Amino acid sequence: MTPDELRENLLMAPKNGFARLSAGERAEMEAYCKRYMAFMDQAKTEREATDWAVREAEKRGFKPFAVGMTAKPGDKIYYNNRGKSIALAVIGTESLAGGANICAAHVDSPRMDLKPNPLYEDSEIAYFKTHYYGGIKKYQWVTIPLAIHGVVCRKDGSCVTVTIGEDENDPVLMVSDLLIHLSADQMQKTAAKVIAGEQLNVILGTEPLEGEGSDMVKLNMMKLLNEKYGLIEADFQTAELVVVPAGRCREVGLDRSLIGAYGHDDRVCAYAELEALFTMPQPAKTAVCILADKEEIGSVGISGMQSHFFEHFMGTLCAAQGVNLEDCFAASFCLSADVSNAFDPNFPDTCDKRNNSALNYGVSICKYTGSRGKGGASDASAEAMSHIRQTFDGNGVIWQLATLGKVDQGGGGTVAAYMANRNIVTVDAGVPVLSMHAPVELVSKLDCYETMLACKAVYLA
Ligand code: MN
Ligand code: MN
(Lines give C-alpha, C1' and ligand atoms only; values in the text may rest on other atoms or scores of the structure.)
(Ligands and ions follow the chains in the order given, each with its own letter.)
Protein backbone atom coordinates (compact mmCIF):
# COMPACT_ATOMS: atom_id res chain seq x y z
CA MET A 1 0.00 0.00 0.00
CA THR A 2 1.08 3.57 -0.57
CA PRO A 3 1.67 5.85 2.40
CA ASP A 4 -1.59 7.64 1.54
CA GLU A 5 -3.50 4.38 1.64
CA LEU A 6 -1.75 3.35 4.84
CA ARG A 7 -2.57 6.70 6.41
CA GLU A 8 -6.21 6.38 5.50
CA ASN A 9 -6.38 2.84 6.86
CA LEU A 10 -4.28 3.22 9.99
CA LEU A 11 -4.42 6.77 11.32
CA MET A 12 -7.17 8.83 12.88
CA ALA A 13 -8.39 11.79 10.83
CA PRO A 14 -10.67 13.95 12.98
CA LYS A 15 -13.05 16.13 10.99
CA ASN A 16 -14.98 19.23 11.97
CA GLY A 17 -18.59 18.23 12.59
CA PHE A 18 -19.90 20.73 10.06
CA ALA A 19 -18.21 18.66 7.33
CA ARG A 20 -20.23 15.66 8.49
CA LEU A 21 -23.75 17.04 9.01
CA SER A 22 -26.38 16.75 6.28
CA ALA A 23 -28.65 19.70 5.48
CA GLY A 24 -31.47 17.91 7.28
CA GLU A 25 -29.33 17.38 10.36
CA ARG A 26 -28.35 21.04 10.38
CA ALA A 27 -32.00 22.05 10.37
CA GLU A 28 -32.71 19.64 13.24
CA MET A 29 -29.70 21.02 15.11
CA GLU A 30 -31.04 24.58 14.81
CA ALA A 31 -34.53 23.56 15.96
CA TYR A 32 -33.06 21.60 18.87
CA CYS A 33 -30.96 24.55 19.99
CA LYS A 34 -33.99 26.89 19.91
CA ARG A 35 -35.74 24.53 22.33
CA TYR A 36 -32.61 24.33 24.47
CA MET A 37 -32.34 28.12 24.64
CA ALA A 38 -35.98 28.41 25.69
CA PHE A 39 -35.30 25.91 28.48
CA MET A 40 -32.24 27.86 29.63
CA ASP A 41 -34.27 31.07 29.91
CA GLN A 42 -36.63 29.30 32.31
CA ALA A 43 -34.16 27.18 34.27
CA LYS A 44 -31.30 29.10 35.89
CA THR A 45 -31.25 27.13 39.15
CA GLU A 46 -31.55 23.48 40.13
CA ARG A 47 -35.05 24.20 41.45
CA GLU A 48 -36.18 25.79 38.21
CA ALA A 49 -34.68 22.99 36.11
CA THR A 50 -36.40 20.40 38.30
CA ASP A 51 -39.73 22.25 38.05
CA TRP A 52 -39.36 22.41 34.27
CA ALA A 53 -38.60 18.69 34.08
CA VAL A 54 -41.63 17.81 36.23
CA ARG A 55 -43.96 19.98 34.13
CA GLU A 56 -42.75 18.56 30.82
CA ALA A 57 -42.69 14.98 32.12
CA GLU A 58 -46.29 15.22 33.31
CA LYS A 59 -47.34 16.52 29.88
CA ARG A 60 -45.81 13.35 28.44
CA GLY A 61 -47.57 10.94 30.77
CA PHE A 62 -44.90 10.48 33.44
CA LYS A 63 -46.38 9.63 36.85
CA PRO A 64 -44.92 10.61 40.22
CA PHE A 65 -43.01 7.94 42.11
CA ALA A 66 -44.91 6.17 44.89
CA VAL A 67 -43.88 3.42 47.26
CA GLY A 68 -45.45 0.13 46.15
CA MET A 69 -45.89 1.26 42.55
CA THR A 70 -45.66 -1.11 39.60
CA ALA A 71 -42.93 -0.92 36.97
CA LYS A 72 -44.28 -2.45 33.77
CA PRO A 73 -42.79 -2.03 30.29
CA GLY A 74 -43.67 1.42 28.96
CA ASP A 75 -44.42 2.91 32.40
CA LYS A 76 -43.02 6.42 32.79
CA ILE A 77 -42.12 7.46 36.32
CA TYR A 78 -40.39 10.44 37.91
CA TYR A 79 -38.98 10.99 41.39
CA ASN A 80 -39.03 14.63 42.40
CA ASN A 81 -36.34 14.87 45.09
CA ARG A 82 -37.68 17.76 47.16
CA GLY A 83 -37.82 20.10 44.20
CA LYS A 84 -34.02 20.23 43.81
CA SER A 85 -33.13 17.15 41.80
CA ILE A 86 -35.05 14.59 39.81
CA ALA A 87 -34.76 11.08 38.39
CA LEU A 88 -37.01 9.91 35.57
CA ALA A 89 -37.41 6.41 34.15
CA VAL A 90 -39.03 4.81 31.12
CA ILE A 91 -39.45 1.14 32.01
CA GLY A 92 -37.95 -1.15 29.36
CA THR A 93 -39.38 -4.29 27.85
CA GLU A 94 -36.56 -6.29 29.50
CA SER A 95 -36.28 -6.93 33.24
CA LEU A 96 -34.23 -4.60 35.43
CA ALA A 97 -32.22 -7.72 36.31
CA GLY A 98 -30.39 -7.00 33.03
CA GLY A 99 -29.54 -3.48 34.18
CA ALA A 100 -30.64 0.02 33.24
CA ASN A 101 -29.18 2.55 30.83
CA ILE A 102 -28.61 5.71 32.84
CA CYS A 103 -27.69 9.28 31.87
CA ALA A 104 -26.71 11.49 34.81
CA ALA A 105 -26.21 15.27 34.57
CA HIS A 106 -26.35 18.04 37.15
CA VAL A 107 -28.53 21.14 37.22
CA ASP A 108 -26.72 23.30 39.78
CA SER A 109 -24.21 25.89 38.57
CA PRO A 110 -21.70 28.21 40.24
CA ARG A 111 -23.33 31.34 41.65
CA MET A 112 -23.59 33.56 44.75
CA ASP A 113 -25.96 32.43 47.52
CA LEU A 114 -27.42 34.96 49.95
CA LYS A 115 -26.13 34.49 53.50
CA PRO A 116 -28.76 33.60 56.11
CA ASN A 117 -28.64 37.16 57.48
CA PRO A 118 -27.96 39.04 54.25
CA LEU A 119 -29.53 42.50 54.50
CA TYR A 120 -27.52 45.47 55.74
CA GLU A 121 -26.90 49.15 55.12
CA ASP A 122 -23.52 50.85 54.84
CA SER A 123 -22.97 54.49 53.89
CA GLU A 124 -26.64 54.81 52.95
CA ILE A 125 -26.47 51.95 50.45
CA ALA A 126 -28.41 48.74 51.12
CA TYR A 127 -26.74 45.43 50.33
CA PHE A 128 -27.20 41.67 50.40
CA LYS A 129 -24.22 39.70 51.70
CA THR A 130 -23.44 36.57 49.67
CA HIS A 131 -21.41 33.39 49.93
CA TYR A 132 -20.23 32.05 46.60
CA TYR A 133 -21.24 28.52 45.57
CA GLY A 134 -18.96 26.34 43.46
CA GLY A 135 -15.75 27.30 41.70
CA ILE A 136 -15.79 30.90 40.52
CA LYS A 137 -13.28 33.56 39.59
CA LYS A 138 -14.73 36.16 41.95
CA TYR A 139 -13.53 39.10 39.85
CA GLN A 140 -15.83 37.98 37.01
CA TRP A 141 -18.97 38.57 39.10
CA VAL A 142 -18.63 42.32 39.64
CA THR A 143 -20.14 45.03 37.38
CA ILE A 144 -22.48 42.64 35.56
CA PRO A 145 -26.30 42.65 35.74
CA LEU A 146 -27.50 40.15 38.34
CA ALA A 147 -30.83 38.56 39.21
CA ILE A 148 -32.14 36.89 42.37
CA HIS A 149 -33.92 33.55 42.17
CA GLY A 150 -35.18 31.28 44.89
CA VAL A 151 -37.58 30.42 47.62
CA VAL A 152 -38.34 32.04 50.97
CA CYS A 153 -40.32 30.24 53.66
CA ARG A 154 -42.24 32.66 55.87
CA LYS A 155 -43.02 32.49 59.59
CA ASP A 156 -46.24 30.56 58.99
CA GLY A 157 -44.33 27.93 56.98
CA SER A 158 -45.70 29.02 53.60
CA CYS A 159 -43.02 29.41 50.93
CA VAL A 160 -42.91 32.01 48.19
CA THR A 161 -40.93 31.91 44.95
CA VAL A 162 -38.83 35.00 44.29
CA THR A 163 -37.49 36.13 40.90
CA ILE A 164 -36.10 39.62 40.49
CA GLY A 165 -34.13 40.83 37.48
CA GLU A 166 -35.31 38.60 34.64
CA ASP A 167 -38.43 40.36 33.36
CA GLU A 168 -37.38 43.18 31.02
CA ASN A 169 -39.29 45.63 33.22
CA ASP A 170 -37.50 44.41 36.36
CA PRO A 171 -34.52 46.21 37.85
CA VAL A 172 -31.28 44.20 38.03
CA LEU A 173 -28.77 44.13 40.86
CA MET A 174 -24.99 44.53 40.82
CA VAL A 175 -21.72 44.19 42.72
CA SER A 176 -19.38 47.18 42.35
CA ASP A 177 -15.67 47.13 41.51
CA LEU A 178 -13.03 49.74 42.28
CA LEU A 179 -12.38 52.42 39.66
CA ILE A 180 -9.09 51.92 37.79
CA HIS A 181 -7.97 55.41 38.87
CA LEU A 182 -7.60 54.27 42.48
CA SER A 183 -6.61 50.67 41.85
CA ALA A 184 -2.85 50.96 42.33
CA ASP A 185 -2.96 48.53 45.27
CA GLN A 186 -5.67 46.28 43.88
CA MET A 187 -3.84 45.77 40.59
CA GLN A 188 -0.86 44.34 42.47
CA LYS A 189 -2.98 41.54 43.95
CA THR A 190 -3.22 38.06 42.47
CA ALA A 191 -6.41 37.30 40.54
CA ALA A 192 -7.67 35.12 43.40
CA LYS A 193 -7.60 38.15 45.70
CA VAL A 194 -8.53 41.05 43.42
CA ILE A 195 -12.09 40.67 44.69
CA ALA A 196 -12.46 38.97 48.06
CA GLY A 197 -15.37 36.72 48.98
CA GLU A 198 -16.60 39.25 51.51
CA GLN A 199 -16.64 41.94 48.81
CA LEU A 200 -19.29 40.08 46.78
CA ASN A 201 -21.96 42.30 48.31
CA VAL A 202 -24.93 42.94 46.04
CA ILE A 203 -26.24 46.49 45.82
CA LEU A 204 -29.96 46.52 46.55
CA GLY A 205 -30.78 50.23 46.57
CA THR A 206 -29.98 53.71 47.80
CA GLU A 207 -33.22 55.59 48.51
CA PRO A 208 -33.96 56.16 52.21
CA LEU A 209 -37.44 56.26 53.67
CA GLU A 210 -38.41 59.64 55.08
CA GLY A 211 -37.65 59.93 58.77
CA GLU A 212 -34.87 59.57 61.28
CA GLY A 213 -32.57 56.57 61.62
CA SER A 214 -29.34 55.06 60.33
CA ASP A 215 -31.17 52.23 58.58
CA MET A 216 -33.64 54.09 56.37
CA VAL A 217 -32.35 52.63 53.09
CA LYS A 218 -32.34 49.10 54.50
CA LEU A 219 -35.82 49.70 55.86
CA ASN A 220 -37.01 50.90 52.46
CA MET A 221 -35.69 47.71 50.81
CA MET A 222 -37.43 45.55 53.41
CA LYS A 223 -40.64 47.53 52.83
CA LEU A 224 -40.41 46.87 49.06
CA LEU A 225 -39.81 43.15 49.63
CA ASN A 226 -42.68 43.06 52.11
CA GLU A 227 -45.05 44.71 49.65
CA LYS A 228 -44.14 42.35 46.82
CA TYR A 229 -43.54 39.06 48.66
CA GLY A 230 -44.87 39.54 52.21
CA LEU A 231 -41.37 39.08 53.65
CA ILE A 232 -39.93 40.22 56.97
CA GLU A 233 -36.19 40.26 57.71
CA ALA A 234 -36.34 37.09 59.82
CA ASP A 235 -37.62 35.17 56.77
CA PHE A 236 -34.15 35.32 55.16
CA GLN A 237 -33.09 32.78 57.78
CA THR A 238 -35.44 30.26 56.20
CA ALA A 239 -34.68 31.04 52.56
CA GLU A 240 -32.67 29.81 49.60
CA LEU A 241 -32.02 32.87 47.51
CA VAL A 242 -29.31 32.77 44.88
CA VAL A 243 -27.75 35.49 42.74
CA VAL A 244 -27.13 34.62 39.10
CA PRO A 245 -26.31 36.63 35.97
CA ALA A 246 -29.44 38.39 34.69
CA GLY A 247 -30.61 38.10 31.11
CA ARG A 248 -31.35 35.60 28.43
CA CYS A 249 -29.44 33.04 26.47
CA ARG A 250 -28.02 34.51 23.22
CA GLU A 251 -26.73 33.23 19.92
CA VAL A 252 -23.05 34.16 19.60
CA GLY A 253 -20.96 34.71 16.47
CA LEU A 254 -21.73 36.23 13.07
CA ASP A 255 -22.70 32.73 11.95
CA ARG A 256 -24.75 32.14 15.13
CA SER A 257 -22.89 28.87 15.61
CA LEU A 258 -22.41 29.35 19.36
CA ILE A 259 -24.73 29.85 22.32
CA GLY A 260 -23.81 32.12 25.22
CA ALA A 261 -25.60 31.51 28.52
CA TYR A 262 -25.21 31.29 32.25
CA GLY A 263 -24.98 27.69 33.47
CA HIS A 264 -24.44 25.56 30.35
CA ASP A 265 -22.46 23.50 32.92
CA ASP A 266 -24.36 21.30 33.22
CA ARG A 267 -27.85 22.15 32.05
CA VAL A 268 -26.67 21.69 28.47
CA CYS A 269 -26.33 17.97 29.22
CA ALA A 270 -29.41 17.91 31.47
CA TYR A 271 -31.54 19.23 28.63
CA ALA A 272 -29.98 16.77 26.18
CA GLU A 273 -30.88 13.89 28.52
CA LEU A 274 -34.45 15.11 28.95
CA GLU A 275 -35.19 15.69 25.29
CA ALA A 276 -33.66 12.33 24.36
CA LEU A 277 -35.81 10.60 27.00
CA PHE A 278 -38.96 12.41 25.87
CA THR A 279 -38.54 11.71 22.15
CA MET A 280 -37.09 8.20 21.96
CA PRO A 281 -39.08 5.06 21.12
CA GLN A 282 -39.81 2.37 23.75
CA PRO A 283 -36.42 1.13 25.04
CA ALA A 284 -35.45 -2.51 25.63
CA LYS A 285 -33.63 -1.72 28.87
CA THR A 286 -35.09 0.70 31.38
CA ALA A 287 -33.84 4.21 30.59
CA VAL A 288 -33.07 6.44 33.57
CA CYS A 289 -32.42 10.19 33.42
CA ILE A 290 -30.92 11.91 36.46
CA LEU A 291 -30.68 15.63 37.03
CA ALA A 292 -28.63 15.99 40.22
CA ASP A 293 -27.95 18.93 42.49
CA LYS A 294 -24.79 19.93 44.41
CA GLU A 295 -22.29 18.60 41.83
CA GLU A 296 -20.44 21.89 41.97
CA ILE A 297 -19.65 21.39 45.66
CA GLY A 298 -18.91 17.65 45.61
CA SER A 299 -22.26 15.92 44.89
CA VAL A 300 -22.96 16.03 48.63
CA GLY A 301 -26.16 16.39 50.59
CA ILE A 302 -29.65 15.01 50.20
CA SER A 303 -30.06 16.29 46.64
CA GLY A 304 -26.52 15.43 45.44
CA MET A 305 -25.54 12.34 43.47
CA GLN A 306 -24.13 10.67 46.59
CA SER A 307 -27.60 10.78 48.17
CA HIS A 308 -29.55 7.56 48.60
CA PHE A 309 -32.53 9.11 46.88
CA PHE A 310 -31.22 7.26 43.84
CA GLU A 311 -31.25 3.91 45.68
CA HIS A 312 -34.76 4.71 46.91
CA PHE A 313 -35.94 5.29 43.35
CA MET A 314 -34.13 2.40 41.65
CA GLY A 315 -34.70 0.03 44.59
CA THR A 316 -38.43 0.60 44.40
CA LEU A 317 -38.49 0.01 40.63
CA CYS A 318 -36.45 -3.16 41.10
CA ALA A 319 -38.69 -4.38 43.94
CA ALA A 320 -41.71 -3.95 41.68
CA GLN A 321 -40.08 -6.43 39.30
CA GLY A 322 -38.78 -8.74 42.03
CA VAL A 323 -35.20 -7.79 41.16
CA ASN A 324 -32.31 -7.25 43.61
CA LEU A 325 -31.06 -3.64 43.33
CA GLU A 326 -27.41 -4.70 43.51
CA ASP A 327 -27.95 -7.09 40.58
CA CYS A 328 -29.51 -4.25 38.58
CA PHE A 329 -26.63 -1.85 39.34
CA ALA A 330 -24.01 -4.47 38.45
CA ALA A 331 -25.56 -4.88 35.00
CA SER A 332 -26.23 -1.16 34.37
CA PHE A 333 -24.39 1.44 32.32
CA CYS A 334 -24.15 5.14 33.16
CA LEU A 335 -23.23 8.03 30.93
CA SER A 336 -22.07 10.75 33.31
CA ALA A 337 -23.20 13.60 31.08
CA ASP A 338 -21.10 16.60 32.01
CA VAL A 339 -19.25 19.30 30.14
CA SER A 340 -15.56 19.37 29.24
CA ASN A 341 -13.20 22.26 28.50
CA ALA A 342 -13.13 23.15 24.80
CA PHE A 343 -9.65 23.94 23.51
CA ASP A 344 -9.15 27.70 23.73
CA PRO A 345 -6.45 29.09 21.38
CA ASN A 346 -6.21 32.07 23.74
CA PHE A 347 -4.81 29.76 26.43
CA PRO A 348 -3.10 26.97 24.46
CA ASP A 349 -0.51 26.17 27.12
CA THR A 350 -3.10 24.91 29.60
CA CYS A 351 -4.01 21.88 27.49
CA ASP A 352 -2.53 18.97 25.62
CA LYS A 353 -4.09 19.77 22.25
CA ARG A 354 -3.82 16.16 21.08
CA ASN A 355 -5.99 15.04 23.98
CA ASN A 356 -8.38 17.94 24.36
CA SER A 357 -11.89 18.43 23.10
CA ALA A 358 -12.55 21.07 20.45
CA LEU A 359 -15.62 23.09 19.53
CA ASN A 360 -17.72 21.50 16.77
CA TYR A 361 -16.13 18.06 16.99
CA GLY A 362 -19.15 16.61 18.76
CA VAL A 363 -19.88 15.15 22.17
CA SER A 364 -16.61 14.63 24.01
CA ILE A 365 -15.89 11.42 25.91
CA CYS A 366 -13.64 11.89 28.92
CA LYS A 367 -11.95 8.66 30.00
CA TYR A 368 -10.88 10.25 33.27
CA THR A 369 -11.07 13.57 35.08
CA GLY A 370 -9.32 14.16 38.42
CA SER A 371 -6.14 16.06 39.14
CA ARG A 372 -2.40 15.39 39.54
CA GLY A 373 -1.90 11.61 39.06
CA LYS A 374 -5.61 11.17 38.17
CA GLY A 375 -6.51 11.76 41.84
CA GLY A 376 -10.26 11.56 42.34
CA ALA A 377 -10.92 10.26 38.82
CA SER A 378 -13.35 7.54 37.82
CA ASP A 379 -11.03 6.12 35.19
CA ALA A 380 -13.22 4.32 32.64
CA SER A 381 -11.91 0.91 31.56
CA ALA A 382 -10.97 -0.01 27.99
CA GLU A 383 -14.11 -2.16 27.89
CA ALA A 384 -16.33 0.70 29.09
CA MET A 385 -14.76 3.02 26.51
CA SER A 386 -15.33 0.37 23.85
CA HIS A 387 -18.99 0.08 24.82
CA ILE A 388 -19.55 3.81 24.42
CA ARG A 389 -17.53 3.88 21.17
CA GLN A 390 -19.71 1.11 19.74
CA THR A 391 -22.87 2.83 20.97
CA PHE A 392 -21.99 6.20 19.43
CA ASP A 393 -20.55 4.83 16.16
CA GLY A 394 -23.54 2.54 15.76
CA ASN A 395 -25.88 5.52 15.90
CA GLY A 396 -23.90 8.01 13.83
CA VAL A 397 -23.12 10.23 16.81
CA ILE A 398 -20.27 12.68 16.15
CA TRP A 399 -17.88 12.29 19.10
CA GLN A 400 -14.37 13.09 20.20
CA LEU A 401 -12.06 12.43 23.13
CA ALA A 402 -11.29 14.80 25.97
CA THR A 403 -9.01 15.18 28.94
CA LEU A 404 -9.30 18.05 31.39
CA GLY A 405 -6.24 20.16 30.65
CA LYS A 406 -2.59 19.26 30.60
CA VAL A 407 -1.03 17.11 33.32
CA ASP A 408 -0.61 18.96 36.64
CA GLN A 409 -2.42 22.07 35.36
CA GLY A 410 -5.46 21.67 37.61
CA GLY A 411 -8.39 19.32 37.44
CA GLY A 412 -11.96 18.62 38.36
CA GLY A 413 -14.57 15.93 38.77
CA THR A 414 -18.13 14.95 37.90
CA VAL A 415 -20.79 12.61 39.27
CA ALA A 416 -19.02 9.71 37.50
CA ALA A 417 -17.11 8.51 40.56
CA TYR A 418 -20.30 8.34 42.64
CA MET A 419 -22.11 6.28 40.01
CA ALA A 420 -19.10 3.97 39.63
CA ASN A 421 -18.99 3.54 43.43
CA ARG A 422 -22.43 1.96 43.09
CA ASN A 423 -20.90 -0.78 40.92
CA ILE A 424 -22.27 0.78 37.74
CA VAL A 425 -20.01 0.92 34.67
CA THR A 426 -19.67 4.68 34.05
CA VAL A 427 -18.15 6.89 31.36
CA ASP A 428 -18.04 10.71 31.27
CA ALA A 429 -19.15 12.49 28.12
CA GLY A 430 -20.65 15.88 27.34
CA VAL A 431 -20.47 19.22 25.61
CA PRO A 432 -17.16 21.13 25.27
CA VAL A 433 -17.43 24.60 26.84
CA LEU A 434 -15.42 27.82 26.50
CA SER A 435 -15.16 30.04 29.62
CA MET A 436 -16.52 27.29 31.87
CA HIS A 437 -17.86 28.61 35.21
CA ALA A 438 -17.79 32.22 33.98
CA PRO A 439 -21.04 34.21 34.28
CA VAL A 440 -21.60 33.56 30.56
CA GLU A 441 -20.28 30.31 29.09
CA LEU A 442 -20.05 29.38 25.39
CA VAL A 443 -20.97 26.13 23.66
CA SER A 444 -21.39 25.21 20.02
CA LYS A 445 -24.82 24.29 18.70
CA LEU A 446 -23.37 21.29 16.90
CA ASP A 447 -21.94 19.82 20.10
CA CYS A 448 -25.21 20.43 21.96
CA TYR A 449 -27.17 18.54 19.32
CA GLU A 450 -24.73 15.64 19.16
CA THR A 451 -24.89 15.30 22.94
CA MET A 452 -28.67 14.85 22.73
CA LEU A 453 -28.13 12.14 20.08
CA ALA A 454 -25.49 10.57 22.35
CA CYS A 455 -27.94 10.38 25.26
CA LYS A 456 -30.58 8.82 23.04
CA ALA A 457 -28.09 6.22 21.82
CA VAL A 458 -27.21 5.33 25.42
CA TYR A 459 -30.85 4.97 26.49
CA LEU A 460 -31.54 2.69 23.53
CA ALA A 461 -28.32 0.62 23.76
MN1 MN B 1 -20.34 20.03 35.43
MN1 MN C 1 -18.84 22.74 36.94
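Because the structure is predicted, anything quoted here is derived from the model rather than measured. (Residues numbered from 1 in each chain as written. Chains lettered and ligands numbered in written order. Predicted model: local features only at pLDDT ≥ 70, side-chain atom pairs only at ≥ 80, totals over all residues. Heavy atoms only, no water.)

1. Some words on the environment of glutamate 94
Then, number 1: Tracing the sequence through the fold places glutamate 94 in the loop between β3 (85-90) and β4 (100-106).
Then, number 2: What makes glutamate 94 partly exposed here is its relative accessible area of 39%.
Then, number 3: Sequence-wise, glutamate 94 and lysine 285 are 191 residues apart; in three dimensions their C-alpha atoms are separated by 5.5 Å. (Helix = DSSP H or I, 4+ residues; strand = E, 2+ residues; numbered from the N terminus. Buried < 20%, exposed > 50% of the residue type's maximum accessible area, 1.4 Å probe, protein only.)

2. What about the coordination of the manganese ion (ligand 2)?
Then, number 1: Protein-derived ligands of the manganese ion (ligand 2) are Asp265 (OD), Glu296 (OE), Glu296 (OE) and His437 (NE2), with the metal-ligand distances lying across 2.1 to 2.6 Å.
Then, number 2: A gap of 3.4 Å separates the manganese ion (ligand 2) and the manganese ion (ligand 1), which aspartate 265 links by coordinating each metal. With glutamate 296 in the loop between β13 (286-292) and α7 (309-320) and histidine 437 in the loop between β21 (432-433) and β22 (441-444), the pair connects residues that are 141 residues apart, well separated along the chain.
Then, number 3: Relative accessible area serves as the criterion here: at 13%, glutamate 296 is assigned to the buried category. (Donors = N, O, S within 2.8 Å, 3.2 Å for Na, K, Ca; no water.)

3. Points about a nonpolar patch on the surface
Then, number 1: A contiguous nonpolar patch, built from Met1, Leu6, Leu10 and Leu11 and spanning about 460 Å² of accessible area, is present on the exposed surface.
Then, number 2: Structurally, leucine 6 is set in helix α1 (residues 3-10). (Patch = residues over 30% accessible without salt bridge, like charges linked within 9 Å, V, L, I, M, F, W, Y side chains within 5 Å. Areas by Shrake-Rupley, 256 points an atom, 1.4 Å probe, with all protein chains shown as cover. Salt bridge = Lys/Arg side-chain N within 4 Å of Asp/Glu carboxyl O.)

4. Some words on the layout of surface pockets
Then, number 1: In this model, the largest pocket occupies a volume close to 1100 Å³.
Then, number 2: Lining the largest pocket we find 37 residues, and of these Asn341, Leu404, Gly411, Ser435 and Met436 sit closest to its centre.
Then, number 3: For the lining of the largest pocket, the elements supplying multiple residues, two or more each, are β15 (340-341), β16 (363-366), β19 (411-412) and β20 (425-430).
Then, number 4: Ranked by the residues each element gives to the lining of the largest pocket, the list is headed by β20, at 3 residues.
Then, number 5: Of the residues that constitute the lining of the largest pocket, the class distribution is 12 nonpolar, 17 polar and 8 charged.
Then, number 6: Here the second largest pocket defines a volume of roughly 810 Å³.
Then, number 7: Met12, Pro14, Trp399, Gln400 and Leu401 are the residues nearest the centre of the second largest pocket, which is lined by 18 residues in total.
Then, number 8: Elements with a contribution of two residues or more to the lining of the second largest pocket: α9 (382-394) and β18 (399-402). (1 Å grid on protein atoms, 1.4 Å probe; cavity = no way out; pocket = protein on both sides within 12 Å on 5 of 7 lines; lining within 4 Å. Points joined across faces, edges and corners; volume = space filled by probe spheres on them. Nonpolar A, V, L, I, M, F, W, Y, C, P; charged D, E, K, R; others polar.)

5. With respect to the environment of asparagine 101
Then, number 1: Its place among the elements puts asparagine 101 in strand β4.
Then, number 2: Between the alpha carbons of asparagine 101 and cysteine 289 there is a distance of 8.7 Å; along the sequence they are 188 residues apart.
Then, number 3: Asparagine 101 has contacts with Lys285, Thr286, Ala287, Val288, Phe333, Val458, Tyr459 and Ala461, leaving out every residue within four places of it along the chain.
Then, number 4: Side-chain polar atoms of asparagine 101 contact the backbone oxygen of valine 458, separated by 3.3 Å. (Contact = heavy atoms within 4.5 Å. Polar contact = N/O pair within 3.5 Å; in protein donor to acceptor, adjacent residues only side chain to side chain.)

Function cannot be inferred from these measures alone, as they are strictly geometric.
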